[in-house]
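Letter by letter, the chains look like this.
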Amino acid sequence: MARKQKRQATKPRRGLALSKSLLERLEDGQYIPTYEEVKDIYGPAKTLGTPKEVTLAMDASLSSAGAYTLIQHAWEHGQGYALGPSFMGYAALSSLTQNGLIRACIETVVDDMTREWIDIKAVENEGQDDSAEDKKVIEDALIDFRVKDIFHKAAEYNGYFGGCLIFIDTGATDNQLLVPLDISEKSAELKNFKRFVLVEPINIFPGRYESTDPLSPRYFNPDTWWILGKEVHASRLIRICGNEVPILLKPSYNFMGMPQAQLLYDYVIHFQDSRTSAARLLEKFSLTALKTDMEDILTNPNATRALDGRLAYLASVRSNDGILAIDKEMEDIVKLETPLSGVTDIVRQMLELIVVINRTPAVKSLGISPSGFNATGDSDIRNYNDHVKSQQEKVFRAGLQKVLDITQIVTLGRLNQSVTFDFVDLNKDDAKAAAETQKTKTDRDVALIDTGVISEQEVRQRLSADPDSDYFGINASEVPEVHYEEAENQNGPIYTP
């Protein structure tokens with residue numbers, strides 16, 4: 001019985017709880033782990049979302065699908081060290097949320113992703129010109145449902161943990177959660193819609209999916225999710241995920257993406273080490289040495305007592321006002337200094353590498369101007385805004401469209417598939433620049449009309465379709481009549497427009 005308990009105690013735990021010896025061997029880059037050790041490293045992530053038997057069943061499914069065998073094959077062909085880093089785990093990632101640099105990088109992008117938010121594109125419904133009123137109703141509903149705040153928090157979870165889920169709460173419970181949610185005008189369940197609920201990824205786990213048929217739409221695409229022991233159909237959830245990982249790594253990352261915090265962690269650690277080393281170097285920047293006859297001091301008993309007292313006195317009064325008396329013939333004092341040239345540049349470059357990986361300008365995330373670059377601040381900000389726009393499209397687009405459809409059904413009682421939205425551009429010109437742009441367009445249109453290239457009707461159509469003009473949305477077909485006034489001059493009456 002004792003031997004059995006000993007074997008159970010020494011058995012390696014699953015997930016990321018690897019033994020110290022195994023971690024040391026993996027860091028060498030030469031060790032090839034066994035098949036079971038590969039399963040420990042790249043097995044399903046540990047969460048609070050599901051019962052233990054479900055995790056074991058999923059692990060067995062991945063094993064039969066050959067996922068672990070392919071990773072083992074990579075280790076055997078010398079590619080294991082590159083594959084070594086795996087999912088850090090939600091406990092470690094939760095700790096990284098307390099790191100100031102990682103938090104600054106992620107929060108900077110997230111804040112800008114939801115700063116200007118969206119512009120709903122309302123379309124006339126069956127010829128009725130009620131699009132403006134419907135748009136106002138939908139916008140008010142999005143505010144009431146706190147959609148902007150929820151997606152802001154979801155983007156944070158995407159940066160810290162690799163993704164999250166948003167639950168569509170209609171009051172369904174127990175077995176009703178496994179029934180697909182009908183998102184249409186005929187849905188009776190959506191009449192009981194209550195709210196959108198953000199679910200942190202520590203509480204979720206993938207449910208049923210296909211792992212052997214790549215042609216199936218369910219291939220590594222769960223149609224159910226476990227949320228703290230409750231199995232929920234995927235149609236009742238909105239999945240937020242930015243940095244998708246390859247198929248073989250999906251189980252390790254809980255079918256979410258690569259956390260931005262994990263990508264930044266290595267660079268943040270290097271910067272912190274460099275900063276600590278620079279701080280230690282400052283302590284040793286200047287060293288005062290007392291040259292004296294050490295042979296006589298070390299050979300005589302208790303001879304160091306007097307020397308220790310003199311050195312202590314030197315340390316205590318060492319300043320511009322301190323004075324030390326030394327022997328003229330046998331002693332001397334010299335000052336040794338460590339050169340610090342280049343240390344600041346090294347530490348600064350380590351810091352700038354962090355924002356490079358995060359694809360944000362240093363002046364945006366850190367409030368400092370990068371050294372060694374000739375790019376202007378305006379171009380950096382413009383490129384960064386383009387990156388924010390791409391992140392909005394990748395992370396938010398599908399989920400927000402689903403929210404918009406649900407909001408139409410809940411508030412208007414109908415679903416217009418042509419109603420969509422655009423993310424408000426962060427690169428908008430200021431009022432003066434916008435006015436100058438419109439004036440340039442007007443001068444161009446006047447010149448084209450005078451030369452007969454285009455007509456006034458075509459110009460009105462352009463103004464009506466241009467959201468930046470002051471005449472956006474006007475009826476292009478109703479051309480106003482031009483009245484001419486009769487005026488007198490020295491040569492007789494003329495007509496002046």
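Values in this document were obtained by computation on a predicted structure and should not be read as measured data.

Engineer: Would you mind going over the packing of aromatic side chains in detail, with residue names and values included?
Structural biologist: Under the defined criterion, the tally for this structure stands at 16 aromatic pairs. Taking 5.8 Å as the distance between ring centres and 50° as the angle between the ring planes, the aromatic pair formed by Tyr157 and Phe161 counts as tilted. Within this pair, Tyr157 and its partner Phe161 are both found in helix H9 (residues 147–161), separated by four residues, close to a single helical turn. Ring centres 6.0 Å apart and planes at 15° place the aromatic pair Phe220 and Phe255 in the stacked group. Note that Phe220 is positioned in the loop between strand S4 (204–206) and strand S5 (224–227) and Phe255 in the loop between strand S7 (237–240) and helix H10 (260–283), a separation of 35 residues in sequence. With a relative accessible area of 7%, Phe220 lands in the buried category. Assessed through its relative accessible area of 2%, Phe255 is described here as buried. Here the aromatic cluster, defined as three or more aromatic residues joined through ring pairs, consists of Phe87, Tyr90, Tyr157, Tyr160, Phe161 and Tyr253. Here Arg397 stacks its cationic end above the ring of Phe421, 4.3 Å away from the centre of that ring.

Engineer: Lay out the confidence of the model for the protein chain with the relevant residues and their values.
Structural biologist: Looking at the protein chain, the pLDDT average stands at 78 and 77% of residues meet or exceed 70. Scored below 50 in pLDDT, residues 1–16 shows 15 contacts in the model against residues more than four places distant or in partner chains.

Engineer: Break down the sheet that holds S5 for me, with residues and values.
Structural biologist: Strands pair in a sheet through their backbones, by hydrogen bonds, and they do so in one of two ways: parallel or antiparallel. What the three strands build is an open sheet, ordered S4-S5-S6; its pairing is antiparallel. The sheet terminates laterally at S4 and strand S6 (230–233), the two strands that pair on one side only. The mean inter-strand angle of the sheet, taken between neighbouring strand axes irrespective of direction, is 30°.

Engineer: Could you give me a rundown of the sheet that holds strand S2 (residues 164–169), with the residues and numbers involved?
Structural biologist: One open sheet holds the three strands; their spatial order is S3-S2-S7, and the pairing between them is antiparallel. One side of each edge strand has no neighbouring strand; the edge strands of this open sheet are strand S3 (195–199) and S7. On average, adjacent strands in this sheet sit at an angle of 25° to one another, irrespective of strand direction. When S2 meets S3, the two strands line up antiparallel, connected through five bridges.

Engineer: Describe the nonpolar core, listing the residues and the values that go with them.
Structural biologist: Counting residues in each nonpolar core, the largest one holds 77 residues, and the members touching the most others are Val147, Phe151, Phe196, Phe396 and Leu400. The leading source of residues in this core is helix H15 (residues 377–412), at 10 residues. Setting aside residues up to four positions removed in sequence, Leu400 forms contacts with Trp117, Ile118, Val147, Phe151, Phe421 and Phe423.

Engineer: Describe in detail unusual backbone geometry, supporting the description with residues and values.
Structural biologist: In this structure, Leu228 takes a positive phi of about 50° despite not being glycine. Here Leu228 shows up in the loop between S5 and S6. In this structure, Arg359 takes a positive phi of about 60° despite not being glycine. Relative to the helices and strands, Arg359 is located in the loop between helix H13 (343–358) and helix H14 (362–365).

Engineer: Any details on the environment of Ile357? Residues and values, ideally.
Structural biologist: If you trace the backbone, Ile357 turns up in helix H13. Classification of Ile357 as partly exposed rests on a relative accessible area of 29%. Once the C-alpha coordinates of Ile357 and Leu264 are considered, the two residues, 93 residues apart in sequence, prove to be 7.0 Å apart. The contacts of Ile357, once residues within four sequence positions are left out, are Gln260, Leu263, Leu264 and Tyr267.

Engineer: Let's hear about the pattern of salt bridges: which residues, and what values?
Structural biologist: Taken as a whole and judged by the stated rule, the model has 19 salt bridges. Notably, a salt bridge pairs Asp119 with Lys135, separated by 3.2 Å at the nearest N-O pair. Within this pair, whereas Asp119 is found in strand S1 (residues 118–121), its partner Lys135 is found in helix H8 (residues 131–144), the two being separated by 16 residues in sequence. Overall, Asp119 belongs to the partly exposed group, its relative accessible area being 28%. When its relative accessible area of 24% is taken as the criterion, Lys135 is described as partly exposed. Two residues, Lys439 and Asp443, come together in a salt bridge whose shortest N-O distance is 3.2 Å. Of this pair, Lys439 and Asp443 both sit in helix H16 (residues 431–450), four residues apart, roughly one helical turn. The partly exposed category is assigned to Asp443, whose relative accessible area is 43%. Linked by salt bridges that have partners in common, Asp119, Lys121, Lys135 and Asp422 make up one network.

Engineer: Now, about the packing of helix H7 (residues 100–113) against H9: what can you tell me, with residues and values included?
Structural biologist: Two elements in contact, H7 and H9, have axes whose closest approach is 9 Å; the angle formed by their N-to-C orientations is 145°. The element H7 and its partner H9 pack so that their crossing is right-handed. The segment H7 lies against H9, with Arg103, Ile106, Glu107, Val110 and Asp111 engaging His152, Ala155, Glu156, Gly159 and Tyr160. Broken down by class, the residue content of the contact of H7 with H9 amounts to four nonpolar, two polar and four charged.

Engineer: I'd love a proper account of H13, names of residues and values included.
Structural biologist: Between its first and last C-alpha, H13 extends 24 Å over 16 residues, near the 22 Å set by a 1.5 Å rise per residue. Considered for burial, the residues of H13 that qualify are Val347, Leu351, Glu352, Ile354, Val355 and Asn358. Along H13, the residues classed as buried sweep out an arc of 140° about the axis, all on the same side. The first or second residue beyond H13 is Arg359, which carries a positive phi of 60°.

What counts and how
Residues numbered from 1 in each chain as written. Predicted model: local features only at pLDDT ≥ 70, side-chain atom pairs only at ≥ 80, totals over all residues. Heavy atoms only, no water. Phe/Tyr/Trp six-rings, centres within 6.5 Å; stacked < 30°, edge-to-face > 60°. Helix = DSSP H or I, 4+ residues; strand = E, 2+ residues; numbered from the N terminus. Buried < 20%, exposed > 50% of the residue type's maximum accessible area, 1.4 Å probe, protein only. Lys NZ or Arg CZ within 6 Å of the ring centre and 35° of its normal. pLDDT = per-residue confidence, 0-100. Contact = heavy atoms within 4.5 Å. Pairing = 2+ DSSP bridges. Axes fitted to C-alpha atoms, helices over the stretch in contact; angles between N-to-C directions. Core = buried A, V, L, I, M, F, W, Y, C linked by side-chain atoms within 4.5 Å. Salt bridge = Lys/Arg side-chain N within 4 Å of Asp/Glu carboxyl O. Left-handed = near helix turned anticlockwise from the far one by under 90°. Nonpolar A, V, L, I, M, F, W, Y, C, P; charged D, E, K, R; others polar. Expected span 1.5 Å × (residues − 1). Arc of directions from axis to C-beta.

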